[in-house]
Structure formats: structure tokens, C-alpha cells
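# Structural overview
Listed here are the chains, written in short residue letters.
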Amino acid sequence: MRKFIAFLIKRHIVVLFLLLQSAALLLSARQNAYQEAEYFSSANYLIGSYYNFLHNTVTFVKLSSVNDSLSEENARLKTSLYSFQRTDSSSKNTVSDTLNKQQYTFTWAKVVNSTTHLTANYLTLNKGSLQGIKPRSAVITPQGIVGIVNQVSPHFATVISVLNPKFRLSCMIEPVHYAGVLFWEGGNHREAILNDVPRHVPIKKGMKILTSPYSNIFPSGIPVGFISNYELPAGSNTYRITVQLNADMRNLDYIYVVDDLFKDERENLEKNMTEDEE
């Protein structure tokens, strides 16, 4: 199909000539003034339709590069935004970074392979270490979370999908500000489970689920989904909450890889504290 489109674009002058030649032959066969005007109108219609088709064809061919350009620009804007804001992990307030010390970087990439039907699902991205992608970076879409970068080669990266038993993420219920642990137990690709929310928390269907400040991989406040159902199992002090995921994992195209530049510093500090207690 692309070869055919490329041929039309390259030979459009020849095609246009053939159309005009056909119109001229028709005109020479008719002498009536009314019919002559009618054929002129038909010729103009053919020419206009041809140029409209050519324009649409060129636009289609260029669409992929346009999408790449827009995704790159969005990544730059997101990075710029987070360059001037940092989230205080002790609260949900955003504070000004007077030193202009950037905390997050956003890199766009395209999903070139993904699964949703397995018991442990993964994605493959078309960017790797040469483009700055690192393991244990967050992967998101404008709609919600996608997963965590697992392994990286020079040109590709694999991602542990949210639809994977290895995936665990601290999430916050809005507006009650209580955190729980999100995980996938299989089955529905649009649903996950949120546990560890105490029974006294006043929750209801429709409440939003966001990433919490307790994650050192995902920025705080990234959309996750909403409460579609919940129950309090017999003898339990915590809810079992069903979360409808915002991102459709079967319909992923362009995503953003988010790297927390302070991640290693935080992890090393917390690791040293744990070792001191031992």
C-alpha cells in the first residue's frame, strides 16, 4: 500500500495529464454548448477530487512523523513542568524548587509489542539505553499508569505491565487521602485490586485512585483509575477494592517513560537506615 501511495505521489503529474486528456477527448466529441459546460464542470470536479486525494494521501504518509514530533514536544513540556516543581513526600502539596533542581524527566516511546492475555504480561518499547531509558523507571500514558521498565538494551526496553503479578504500587484514594497497595490478580485487563485500606475509611464507588507520594518510581498524583466495586471480607479489617484502570492496556501506542533523578539517593538513604537498625 505504501509503495502504491509513493508511486502516486511521484507520478501525480502524469496522472493529472491523463485526466485532462480524457476530459479534452470528451469535449471534442460534443459540440453542444450546454454539454460543453457540463463536461468542463466534470473535468473541474475530477481535478479537484484528484488533488484532494493527493493531499489526503500525503497527510497520511506524514502522520507518523507528526505523531512522533507531538509526542517529543509533550515530553519536553512535561519535563519542563517538573523542572520547577517537586513533591514533598510528607504531604500532597507541591512546593517551589528555588534551586531549579529537576526531579523528573519524561521520554516518549512507542509500544512495539504487548500482551494482555498472559498470567504475567510485558510490553516492549522502541527506545533503550541510547535514548536514556533506565530500568525501574515509570511508564505512563496521559490516561494513567502502564508499568515499570524492566530490562534495557541499546535500542529497546521491556516493561513489567500493570497486568503482571510482579507489579505492586502504592496508590491513594481521593479525596479521603488513604493509601493502599495496587496489584493485578489476573482475568480482566481493565481491573486491578487495591488492598490494605482500613475498614473505617469512608469510601464509595467512583472515587479516584492516584499514585501516592510513597512510591519512589512514579510521581505522586498520576491517574490510575476509580473504584468500581468494593467489599469487606468476613473477619478482615481492610477492604478489597476493585479498581477500574484508566489506561486500556490493549490499546497502547505512544507512552512516556518517567525517571526520578532522586531515586537512587532516596533508596541508598533508606537502605542505610535499615542496615543501621539491623
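Residues numbered from 1 in each chain as written. Predicted model: local features only at pLDDT ≥ 70, side-chain atom pairs only at ≥ 80, totals over all residues. Heavy atoms only, no water.

### Remarks on the overall build of the protein chain
On a plain count of helices and strands, the protein chain comes out with 4 helices and 14 strands. A total of 278 residues make up the protein chain; the buried ones form 36% of that total. Surface summary for the protein chain: the accessible area is close to 16400 Å², and the carbon and sulfur share equals 55%. (Helix = DSSP H or I, 4+ residues; strand = E, 2+ residues; numbered from the N terminus. Buried < 20%, exposed > 50% of the residue type's maximum accessible area, 1.4 Å probe, protein only. Areas by Shrake-Rupley, 256 points an atom, 1.4 Å probe, with all protein chains shown as cover.)

### Remarks on the side chain of Asn164
Assignment of secondary structure puts Asn164 in the loop between strand E7 (157-161) and strand E8 (169-174). Given a relative accessible area of 1%, Asn164 falls into the buried group. Polar side-chain contacts of Asn164 include one of 3.1 Å to the backbone oxygen of Asn121. Discounting residues that sit within four places of it in the chain, Asn164 has contacts with Ala120, Asn121, Tyr122 and Trp184. (Polar contact = N/O pair within 3.5 Å; in protein donor to acceptor, adjacent residues only side chain to side chain. Contact = heavy atoms within 4.5 Å.)

### With respect to the pattern of salt bridges
With the rule as written, the count across this model stands at 8 salt bridges. Two residues, Lys263 and Asp259, come together in a salt bridge whose shortest N-O distance is 3.8 Å. Assigned by exposure class, Lys263 and Asp259 land together as buried. The partner of Arg266 in a salt bridge is Glu270, and the shortest N-O contact between them spans 3.1 Å. (Salt bridge = Lys/Arg side-chain N within 4 Å of Asp/Glu carboxyl O.)

### Quick notes on the packing of aromatic side chains
Enumeration according to the criterion identifies 3 aromatic pairs in this entry. Ring geometry for Trp108 and Tyr254: centres 5.5 Å apart, planes at 50°, overall tilted. Placement of the pair is Trp108 in strand E3 (residues 104-114) and Tyr254 in strand E14 (residues 254-260), with a sequence separation of 146 residues. Residue classification places Trp108 among the buried residues on the basis of a relative accessible area of 10%. When the ring of Tyr230 is compared with that of Tyr239, the centres are 5.8 Å apart and the planes differ by 90°; the resulting orientation is edge-to-face. Of note, Lys110 hangs over the ring of Tyr254, and the distance from its end group to the ring centre comes to 4.7 Å. In this structure, Lys127 packs its charged tip against the face of Trp108, placed 3.8 Å from the ring centre. (Phe/Tyr/Trp six-rings, centres within 6.5 Å; stacked < 30°, edge-to-face > 60°. Lys NZ or Arg CZ within 6 Å of the ring centre and 35° of its normal.)

### Observations regarding unusual backbone geometry
A cis amide bond links Glu174 with the next residue in sequence, Pro175, at an omega value of 10°. With respect to the helices, strands and loops of the structure, Pro175 is situated in the loop between E8 and strand E9 (178-183). The phi torsion at Arg136 lies on the positive side, around 60°, for a residue other than glycine. Along the chain, Arg136 turns up in the loop between strand E4 (122-125) and strand E5 (138-140). Phi at His177 takes a positive value of approximately 60°, unusual for a residue other than glycine. Note that His177 resides in the loop between E8 and E9.

### Observations regarding the environment of Tyr178
Among the structural elements, Tyr178 can be located in strand E9. Between the C-alpha atoms of Tyr178 and Pro198, which are 20 residues apart in sequence, the distance is 8.5 Å. If we ignore the near neighbours within four places in the chain, the residues touching Tyr178 are Cys171, Met172, Ile173, Pro198, His200 and Val201.

### A closer look at the sheet that holds E14
In spatial order, the strands read E3-E4-E7-E6-E5-E14; together these 6 strands close into a barrel with antiparallel pairing. Pairs of neighbouring strands in the sheet enclose a mean axial angle of 45°, with direction left out of account. Here 3 bridges tie E5 to E14, and the two strands are oriented antiparallel to one another. Residue pairing in the sheet places Ala138 in a bridge with Val258 of E14. (Pairing = 2+ DSSP bridges. Axes fitted to C-alpha atoms, helices over the stretch in contact; angles between N-to-C directions.)

### Side note on the pairing of E8
Across the 6 residues of E8, 6 count as buried, placing the element largely inside the fold. Burial along E8 is two-sided: Leu169, Cys171 and Ile173 and Ser170, Met172 and Glu174, pointing in opposite directions, are all buried. Sheet topology places E8 next to E9; 5 bridges connect them, and they run antiparallel. When the bridges of E9 are listed, Met172 appears paired with Ala179.

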